[in-house]
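# Close look at the chain arrangement
What follows is the residue order along each chain.
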Amino acid sequence: MTTLAGTPDRPVRVNAVLDAPLSRWLWLVKWILVVPHYVVLFFLWIAFTVVSVIAFFSILFTERYPRALFDFNLGVLRWTWRVAYYSYGALGTDRYPRFSLGEEPDYPARLDIVYPERLSRGLVLVKWWLLAIPHYVIIAFFLGGWHLGWWDGGLVAVLAVIAAVILTLTEKYPKDLFDLVLGLNRWVLRVAAYAALMTDTYPPFRLDMGGTEPSAPEVLT
């Protein structure tokens, strides 16, 4: 039987497909179109925080992240990733994201996190703040480290807008730029899953670029 090795080492998998053709002008108004999502996600992230606190105590006493709570927080992350991919986190599709916590396998942006059967009681005390600090410093630059006049955004949004401007002029989204944007988003989502206590696997300091998550090596068993 052929199985994929390394799943415990890569519990967070981020994949996306660059849609084509993309509108040359829609990106200019997506900030308005996603406002309903931002309103819903505001409340969902409040719930996400509450659920994470409950999960913290559950892991501390039982070494388990309750499956229903895990699935809810995974749903919030998936929803957030779809909205980011549609809007200025990537501008990689013109397909309006659904208001859904579900997996949505037909949407071009996907996020999967392996459910952990056991989590460390010791790590839960420190991983979301102390151990994650180096990553927080890095992703702060990715998400909100640039202040250019009226623009208050991070590297990801800057690169996405540059890609959109090139798209407007050439009708093509540069593939290399897309791969870089996806790599940055992949880094952010891995850290988000770790900080939200959904995995004990420390996020790598590595930019895995491209729309497809790097495959784990195959092992024959």
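That block above? That's the structure.
Residues numbered from 1 in each chain as written. Predicted model: local features only at pLDDT ≥ 70, side-chain atom pairs only at ≥ 80, totals over all residues. Heavy atoms only, no water.

## Points about the overall build of the protein chain
- Looking only at helices and strands, the protein chain has 7 helices and 6 strands in total.
- Taken from the N to the C terminus, the helices and strands of the protein chain come in the order β-β-α-α-α-β-α-α-β-β-α-α-β.
- Restricting the contact set of the protein chain to residue pairs at least 6 apart, pairs at least 24 apart contribute 73%.
- Surface summary for the protein chain: the accessible area is close to 11100 Å², and the carbon and sulfur share equals 71%. (Helix = DSSP H or I, 4+ residues; strand = E, 2+ residues; numbered from the N terminus. Contact = heavy atoms within 4.5 Å. Areas by Shrake-Rupley, 256 points an atom, 1.4 Å probe, with all protein chains shown as cover.)

## Concerning the pattern of salt bridges
- Enumeration over the complete set of coordinates arrives at 17 salt bridges.
- The residue arginine 98 makes a salt bridge to aspartate 106 at a minimum N-O spacing of 2.9 Å.
- Aspartate 106 gets classed as partly exposed once you look at its relative accessible area, which sits at 42%.
- A salt bridge links aspartate 179 to lysine 175; the nearest nitrogen and oxygen atoms lie 2.9 Å apart. In this pair, aspartate 179 and lysine 175 are both assigned in helix 7 (residues 175-195), 4 residues apart and thus about one turn of the helix distant.
- Taken together, the shared-partner salt bridges connect Arg186, Arg190, Arg206, Asp208 and Glu213 into one network. (Salt bridge = Lys/Arg side-chain N within 4 Å of Asp/Glu carboxyl O. Buried < 20%, exposed > 50% of the residue type's maximum accessible area, 1.4 Å probe, protein only.)

## Digging into the pairing of strand 2 (residues 12-16)
- Taking every second residue as pointing to the same face, the buried face of strand 2 carries Val12, Val14 and Ala16, while none of Arg13 and Asn15 on the other face is buried.
- Pairing analysis gives 5 bridges linking strand 2 to strand 3 (residues 109-113), with the strands arranged antiparallel. The residue of strand 3 that forms the bridge with arginine 13 is aspartate 112. (Pairing = 2+ DSSP bridges.)

## A closer look at empty space enclosed by the protein
- Per the counting criterion, the structure on display carries 1 cavity of 30 Å³ or more.
- Its volume calculated, the largest cavity comes out at about 60 Å³.
- Residue classes in the lining of the largest cavity are distributed as 6 nonpolar, 1 polar and 2 charged. (1 Å grid on protein atoms, 1.4 Å probe; cavity = no way out; pocket = protein on both sides within 12 Å on 5 of 7 lines; lining within 4 Å. Points joined across faces, edges and corners; volume = space filled by probe spheres on them. Nonpolar A, V, L, I, M, F, W, Y, C, P; charged D, E, K, R; others polar.)

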